[in-house]
Amino acid sequence: MAVAIAAARVWRPNRGLSQAALLLLWRPGARGLARSHPHRQQQQFSSLDDKPQFPGASAEFIDKLEFIQPNVISGIPIYRVMDRQGQIINPSEDPHLPKEKVLKLYKSMTLLNTMDRILYESQRQGRISFYMTNYGEEGTHVGSAAALDNTDLVFGQYREAGVLMYRDYPLELFMAQCYGNISDLGKGRQMPVHYGCKERHFVTISSPLATQIPQAVGAAYAAKRANANRVVICYFGEGAASEGDAHAGFNFAATLECPIIFFCRNNGYAISTPTSEQYRGDGIAARGPGYGIMSIRVDGNDVFAVYNATKEARRRAVAENQPFLIEAMTYRIGHHSTSDDSSAYRSVDEVNYWDKQDHPISRLRHYLLSQGWWDEEQEKAWRKQSRKKVMEAFEQAERKPKPNPNLLFSDVYQEMPAQLRKQQESLARHLQTYGEHYPLEHFDKRGLQCFPDFSTAEAPPLARMIYP
Amino acid sequence: GAEGHWRRFRGVGLARGFLHPSATVEDAAQRRQVAHFTFQPDPEPREYGQTQKMNLFQSVTSALDNSLAKDPTAVIFGEDVAFGGVFRCTVGLRDKYGKDRVFNTPLCEQGIVGFGIGIAVTGATAIAEIQFADYIFPAFDQIVNEAAKYRYRSGDLFNCGSLTIRSPWGCVGHGALYHSQSPEAFFAHCPGIKVVIPRSPFQAKGLLLSCIEDKNPCIFFEPKILYRAAAEQVPIEPYNIPLSQAEVIQEGSDVTLVAWGTQVHVIREVASMAKEKLGVSCEVIDLRTIIPWDVDTVCKSVIKTGRLLISHEAPLTGGFASEISSTVQEECFLNLEAPISRVCGYDTPFPHIFEPFYIPDKWKCYDALRKMINY
């Protein structure tokens, strides 16, 4: 305080002085304020009023010492529409989706499930290098995707293939990306399941977790500025929600008033880490209010609950320019990926419970059956048909060559820098001499001038790259 | 934070009078260090229309003003940019273009860059400010793993080319560890982004406009010591200076000197000293773009002179001079008359009170040059 008093004597405040500087020199309080010049004060507060004046919080005083006890015994309730047998609980919550749409939901989930089984197996056989299944979480994908407009921008983590499936991304392209073959729109650059589709407004997946969260917020801000009447949806797991980027995204979305849906798939595990080791509060939904975000927790295995929550969140996010947080509770039935064996950290009984007793596909099938929109015969036929479709796409994908090795070098920048072109030429020369030591027979070599022997217009013969 | 607080008291004698009661105000003034360089303005540019005297922060404001005027999607955001910025680079822009286009974000660098990437993904122009280059590190993952790789990893389906990150950079006399850093070397190792550093107001405006319009994510480091200290005639209208093109600002025949940012003015002075004291003719090159860098201009010069000295404030080991040195010795080995010399900061964090000893000043550069000539 001595410094401030000394300062006050030496330095006379002038008209240009900001409110903040005034407060540095003068002790706030009845006497101090009486001495300051009223016309310079920007705040409207009376020194006789005992209400809190802090800019940082809008709250009353309390004179009893009390810590807020976080409530994790009885957390935020879980919204659902169907029971585990697929029966509507509260008819007023039934979205009354038309038969077409419900069948589309069902077929998207089951086709995804079939594709997952076949591609998981293909990794086991060394045909693709890596795969991640979506078992148990199909409901979170299609329920939310069905509630959006087709042009709403999607930022995902890596376990949202059902969103693309619902948007009719062809099997051929799913497979092309996993095989990194010549049809891959991503040009073979990323590991399997890192899908992207500009046409279907699905931003390409990247491996670092939660990085998409603040990006989705920026995209939503731009959509707001453009009066696009679009929402951005951002998917992430409960593990990724621990990253700093998640905190950043939530805070920015709220302060900058962005039309975004944050959709958290809480599936119980982040690889081997159970939720009890991921957080100690009431999941992710409870964090929303901390940021000033409207939040809800839903049963992620109930397609209609996911649909209803997403639908309403979308409507309000766009109309009111504010973020919404949906925490969809679900269970990861499969392993984290083909590099994981989850029997190392959880019991087979636990997994079986979810597979048999609470699965989004079976719950919706029960609903379909009870509506008379589906039967055993159709189920058999569809299983056969979807398997056939997947197998055909799979065999096609296997046969295609890999992309041209020149594509290793493009798209780093929009234009290729001189130094990089030199490196590209250096590889071409290297392959001229040492080409036999490289798996060139699997790759498209058309237009590669350094390979006079291979510069034909024909694709190479069938050859299967095997991953150890 | 701390920086702004002390600025308010400067020039009043308060801090010195109170904290050093035994010293006179004159002694204290003598003890304050003189800048280690003299800013050399370039001749008034004639080809871009009417000019106005601007210092570096004003030339940045001018570039931003031009950008927001011609690109309705362009937005500027970061900590404290709304009121004008801690270095006054964004003064007046919020009033002129609106609070949806010039706005503060929460205090979170990883959020600022991630948010900026998202805006750019939709095709809008995002101009992010990181308050000091020293604080860019929380955003390193978003820059290196995301921004730089967006186009490549998506097979060109998506990109964030319309993102530009601006940040104050380099020594300022008293900045110490966390207000003086030159982190360009960390980013030089990252294909997919561009890193640009101007030496002057005229260069800054043209290069910044090029970065904003470039279809790749760019980092634009602004030498903070030049914000006020460097002033010259700068065109009012927009203009572009090309990226990835070094500039030979003075031709010479005996030694090539390469630097960027503030250090260009140091080596310019070294060139004069060399001429005067040693009769040596120096070719002075401002690199301007760190990556992708202009290998041809530098090599062409070294082929002519046979000697190369590179200087930067950033620490020696792993500094960008090592990349230049390595490439030049590959390309120009037989032309070299002496080992390539690097005059850089020491391999320490940037010190406070020891700054005059730390920085690669003209005496160290001159001494290295002398040794190269006598090799």
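Residues numbered from 1 in each chain as written. Chains lettered and ligands numbered in written order. Predicted model: local features only at pLDDT ≥ 70, side-chain atom pairs only at ≥ 80, totals over all residues. Heavy atoms only, no water.

**Here's the deal with the pattern of salt bridges**
Residue and element names in this part refer to chain B. Considering all chains together, one arrives at 45 salt bridges over all chains under this definition. Its salt-bridge partner being Glu222, residue Arg166 comes within 2.6 Å of it at the nearest N-O pair. Of the two residues, Arg166 is situated in strand E5 (residues 163-169) and Glu222 in strand E7 (residues 218-223); the sequence distance between them amounts to 56 residues. Of the two residues, Arg166 and Glu222, both sit in the buried class. Between Glu247 and Arg288 there is a salt bridge; the shortest N-O distance is 2.9 Å. (Salt bridge = Lys/Arg side-chain N within 4 Å of Asp/Glu carboxyl O. Helix = DSSP H or I, 4+ residues; strand = E, 2+ residues; numbered from the N terminus. Buried < 20%, exposed > 50% of the residue type's maximum accessible area, 1.4 Å probe, protein only.)

**A short note on a nonpolar patch on the surface**
Where nonpolar side chains cluster on the molecular surface, the patch consists of Ile353, Phe354 and Phe357 of chain B and spans about 390 Å² of accessible area. With respect to the secondary-structure elements, Phe354 of chain B resides in the loop between strand E14 (341-345) and helix H15 (355-358). (Patch = residues over 30% accessible without salt bridge, like charges linked within 9 Å, V, L, I, M, F, W, Y side chains within 5 Å. Areas by Shrake-Rupley, 256 points an atom, 1.4 Å probe, with all protein chains shown as cover.)

**Focus: the sheet that holds strand E8 (residues 324-329) of chain A**
Residue and element names in this part refer to chain A. Strand order across the open sheet formed by six strands is E1-E7-E8-E4-E3-E2, with parallel pairing between neighbours. The two strands at the open ends of the sheet, each matched to only one other strand, are strand E1 (78-79) and strand E2 (153-155). Across six bridges, the pairing between strand E4 (residues 260-266) and E8 is parallel. Each bridged residue has a counterpart across the sheet, and for Phe262 the counterpart in E8 is Leu325. Against the sheet, helix H5 (residues 138-147) touches strand E3 (232-237), E4 and E8, its axis set at about 170° to E3. (Pairing = 2+ DSSP bridges. Contact = heavy atoms within 4.5 Å. Axes fitted to C-alpha atoms, helices over the stretch in contact; angles between N-to-C directions.)

**Describing the domain arrangement of chain B**
Residues and elements named next belong to chain B. According to the domain assignment, chain B consists of domain 1 (51-235) and domain 2 (247-374). For domain 1 and domain 2, the distance between their C-alpha centres works out to 27 Å. On the side of domain 2, 26 residues touch domain 1, which itself brings 28 residues to the contact. Per-residue buried area on domain 1 facing domain 2 is highest for Cys171, Ile197 and Arg199; these three make up 29% of the total on that side. Summed over the shared surface of domain 1 and domain 2, the result is two salt bridges. With a shortest N-O distance of 2.8 Å, Arg199 and Asp286 are connected by a salt bridge. (Domains from an automatic or database assignment. Buried area = accessible area lost by both parts, 1.4 Å probe.)

**Comments concerning the interface of chain A and chain B**
Counting residues at the interface gives 44 residues for chain A, matched by 50 residues for chain B. Three residues, Arg225, Phe252 and Tyr413 of chain A, lead the burial of chain A against chain B; their summed loss comes to 17% of the area buried on that side. Our count for the chain A to chain B interface comes out at two salt bridges. Residue Asp100 of chain B is joined to Arg225 of chain A by a salt bridge in which the shortest nitrogen-to-oxygen separation is 2.9 Å. Of all elements in the fold, only E2, helix H8 (212-225) and helix H9 (244-255) of chain A reach the threshold of two or more residues within the side of chain A that touches chain B. In terms of residues, the side of chain A that touches chain B owes the most to one element, H8 of chain A, which gives eight residues. Classifying every residue of the side of chain A that touches chain B by side-chain character gives 23 nonpolar, 14 polar and seven charged. (Nonpolar A, V, L, I, M, F, W, Y, C, P; charged D, E, K, R; others polar.)

**A closer look at the nonpolar core**
Core analysis: the biggest nonpolar cluster contains 91 residues, and Phe236 and Phe262 of chain A together with Ile324 of chain B have the highest contact counts within it. The residues touching Ile324 of chain B, leaving out its near neighbours within four places in the chain, are Val258, Trp260, Leu287, Trp293, Val298, Leu308 and Ile310 of chain B. Counting residues in each nonpolar core, the second largest holds 77 residues, with Leu119, Tyr179, Val231 and Phe324 of chain A among its members. (Core = buried A, V, L, I, M, F, W, Y, C linked by side-chain atoms within 4.5 Å.)

**A short note on unusual backbone geometry**
It is generally the case that most residues other than glycine have a negative phi and that most peptide bonds are trans. For the bond from Ile291 of chain B to Pro292 of chain B, the omega torsion is -10°, close enough to zero to count as cis. Along the chain, Pro292 of chain B turns up in the loop between strand E12 (289-291) and helix H13 (295-305). Look at Ala210 of chain A: it is not a glycine, yet its phi comes out positive at around 75°. Position of Ala210 of chain A among the secondary structure elements: in the loop between helix H7 (171-179) and H8. The backbone of Asp411 of chain A sits at a positive phi, close to 70°, despite the residue not being glycine.

**What about the packing of aromatic side chains?**
Residues and elements named next belong to chain A. Tallied over the full model, the rule gives 35 aromatic pairs over all chains. For the pair Tyr169 and Phe174, a centre-to-centre distance of 4.9 Å together with 90° between the ring planes defines the contact as edge-to-face. Overall, Tyr169 belongs to the buried group, its relative accessible area being 4%. Using a relative accessible area of 0% as the deciding quantity, one classes Phe174 as buried. A centroid spacing of 6.1 Å and a plane angle of 90° characterise the contact between Tyr269 and Tyr331, whose relative ring orientation is edge-to-face. Here the residue Tyr269 occupies a position in strand E5 (residues 269-270), and Tyr331 occupies one in the loop between E8 and helix H13 (348-357), the gap between them amounting to 62 residues. Comparing Tyr269 with Tyr331 shows no difference in burial state: the two are buried. (Phe/Tyr/Trp six-rings, centres within 6.5 Å; stacked < 30°, edge-to-face > 60°.)

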